[in-house]
Amino acid sequence: ISSDFNSVEKNIILFSIKKIFSSEIKNKSTVDKVNFLKKHNIDWESFFKDSKLLICSSVLIQRMKLNDSCNDIIEDMINYLYDELNPRSKHNLIGSIEEYLIPGTGISILNNHNYLNELIGQELSGQIKKKPDIKNIEETLKILKNLKIYSKIEALFQHLKFLCLAENDYGLINSLTCPNLPGFAVISDNNPPILILEQLIHESTHINFDVNNIIKKRFYEFIKSIPPLFSPIVDKPRTFEKFMTGYFAYLNVFNLWSHI
């Protein structure tokens, strides 16, 4: 438990690195790479800030939660670490993750990738754009600066790190976050700016709720202490955690519309 969101990301990567060094590996070539890594004087702090390694580590953790096989992803991580420390060709699955930082923000747009599709599950899997056009996102953020509540929304976006754009019909809203990858959201960008902004606010609220659940012990204990409630949104009982996740997200969207 940490009060620093960056430490949450670091701990995810650290957990995965410990996992790969403690795993039984049969492939001789991979074993040789592990031995190289163990002997090498590695600057781990730089790897703790590696977004590609964070994405891969999140997939590893998700698989472990589901009791799925992790052998292939452990080998991919070893290959990636080895290639980053050697001036050789870097043709590995993790290295093929592409990101583009939106100017003037801390948000990176990610391309379609097998690991990202695995993280988001069935709902939007396969719909992430391979070559995303970020014009709509940039236009939305430009318009946002003219709103009176700009500073509050900007503060809400503080933990939004990664964004994927999904294929969708014009005007359709379909967005999500993935708790196993902090700061990650998928939105449907074939929309007018106001609907893009609505999705960003909705998903950023989920991200901030998840972060508070991780780094604030009293917040977590309070949320867990309340019994389930009936949710009119899904028309069935939900845990208090899920109920409040939805409540806060729709409250912030309401606040957006009420200020326009």
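The coordinates are above.
Keep in mind that this is a model prediction, so the values were computed, not measured.

*Asks:* It is not clear to me how the environment of S96 should be interpreted in this structure. Could you clarify?
*Replies:* Along the chain, S96 turns up in the loop between α5 (71-84) and β1 (99-101). Distance from S96 to K52, taken between C-alpha atoms, is 9.0 Å for residues 44 residues apart in sequence. Among all residues touching S96, those that are not within four sequence positions of it are N111 and H113. A distance of 2.6 Å separates the side chain of S96 from the backbone oxygen of L93, its partner in a polar contact.

*Asks:* Honestly, the sheet that holds strand β3 (residues 162-166) in this entry has me stumped. Any pointers?
*Replies:* Where strands meet in a sheet, backbone hydrogen bonds hold them as pairs that are either parallel or antiparallel. Pairing is mixed in the open sheet, where five strands are placed in the order β1-β2-β3-β5-β4. The sheet is open, and its two edges are formed by β1 and β4 (176-177), each paired on a single side. Examined bridge by bridge, β3 and strand β5 (residues 184-188) share five bridges and lie parallel to one another. Across the sheet, residue C164 finds its bridge partner in β5, namely V186.

*Asks:* Just to check I follow, could you spell out the side chain of S57 for this structure?
*Replies:* Position of S57 among the secondary structure elements: in helix α4 (residues 51-65). Assessed through its relative accessible area of 0%, S57 is described here as buried. Engagement of the side chain of S57 in a polar contact is seen with the backbone oxygen of L53, the distance being 2.7 Å. In this structure S57 touches I12, I13, S16 and M77, once residues within four positions along its chain are discounted.

*Asks:* How should I be thinking about the packing of helix α7 (residues 135-144) against helix α9 (residues 193-215) in this particular structure?
*Replies:* The geometry of a pair of packed helices is captured by two quantities: the angle between their axes and the separation between those axes. With their axes 9 Å apart at the nearest point, α7 and α9 run at an angle of 85 degrees to one another. Considering their axes alone, α7 and α9 lie roughly perpendicular with respect to each other. Each of N136, I137, E139, T140, I143 and L144 in α7 lies in contact with α9, whose residues at this interface are P193, I196 and L197. Taken together, the residues of the contact of α7 with α9 sort by class into six nonpolar, two polar and one charged.

*Asks:* Hey, could you run me through the environment of K148 in this one?
*Replies:* Along the polypeptide, K148 turns up in the loop between α7 and α8 (150-156). Separated by 47 residues in sequence, K148 and L101 have C-alpha atoms that sit 25 Å apart.

*Asks:* Help me understand the pairing of β5, please; the structure alone is not making it clear to me.
*Replies:* Both faces of the sheet carry side chains from a regular strand, because those side chains alternate between them. The element β5 is largely enclosed, with a buried count of five among its five residues. Burial along β5 is two-sided: F184, V186 and S188 and A185 and I187, pointing in opposite directions, are all buried. Where β4 and β5 come together, two bridges link them in antiparallel fashion. Residue pairing for β5: L176 is matched across the bridge by V186.

*Asks:* So what exactly am I meant to see when it comes to helix α2 (residues 28-39) here?
*Replies:* Given 3.6 residues per turn, any residue in an α-helix points the same way as the ones three and four places further on. Between its first and last C-alpha atoms α2 spans 17 Å; for twelve residues at 1.5 Å apiece the expected length is 16 Å, and the two agree. Restricting attention to buried positions, one finds in α2 the residues T30, K33, V34 and L37. Axial view of α2: buried residues confined to an arc of 100 degrees, hence all on one face. Exposed residues lying more than 90 degrees from the buried face of α2 are K28, K38 and K39.

Cut-offs and rules
Residues numbered from 1 in each chain as written. Predicted model: local features only at pLDDT ≥ 70, side-chain atom pairs only at ≥ 80, totals over all residues. Heavy atoms only, no water. Helix = DSSP H or I, 4+ residues; strand = E, 2+ residues; numbered from the N terminus. Contact = heavy atoms within 4.5 Å. Polar contact = N/O pair within 3.5 Å; in protein donor to acceptor, adjacent residues only side chain to side chain. Pairing = 2+ DSSP bridges. Buried < 20%, exposed > 50% of the residue type's maximum accessible area, 1.4 Å probe, protein only. Axes fitted to C-alpha atoms, helices over the stretch in contact; angles between N-to-C directions. Parallel < 35°, antiparallel > 145°, perpendicular 65-115°, else oblique. Nonpolar A, V, L, I, M, F, W, Y, C, P; charged D, E, K, R; others polar. Expected span 1.5 Å × (residues − 1). Arc of directions from axis to C-beta.

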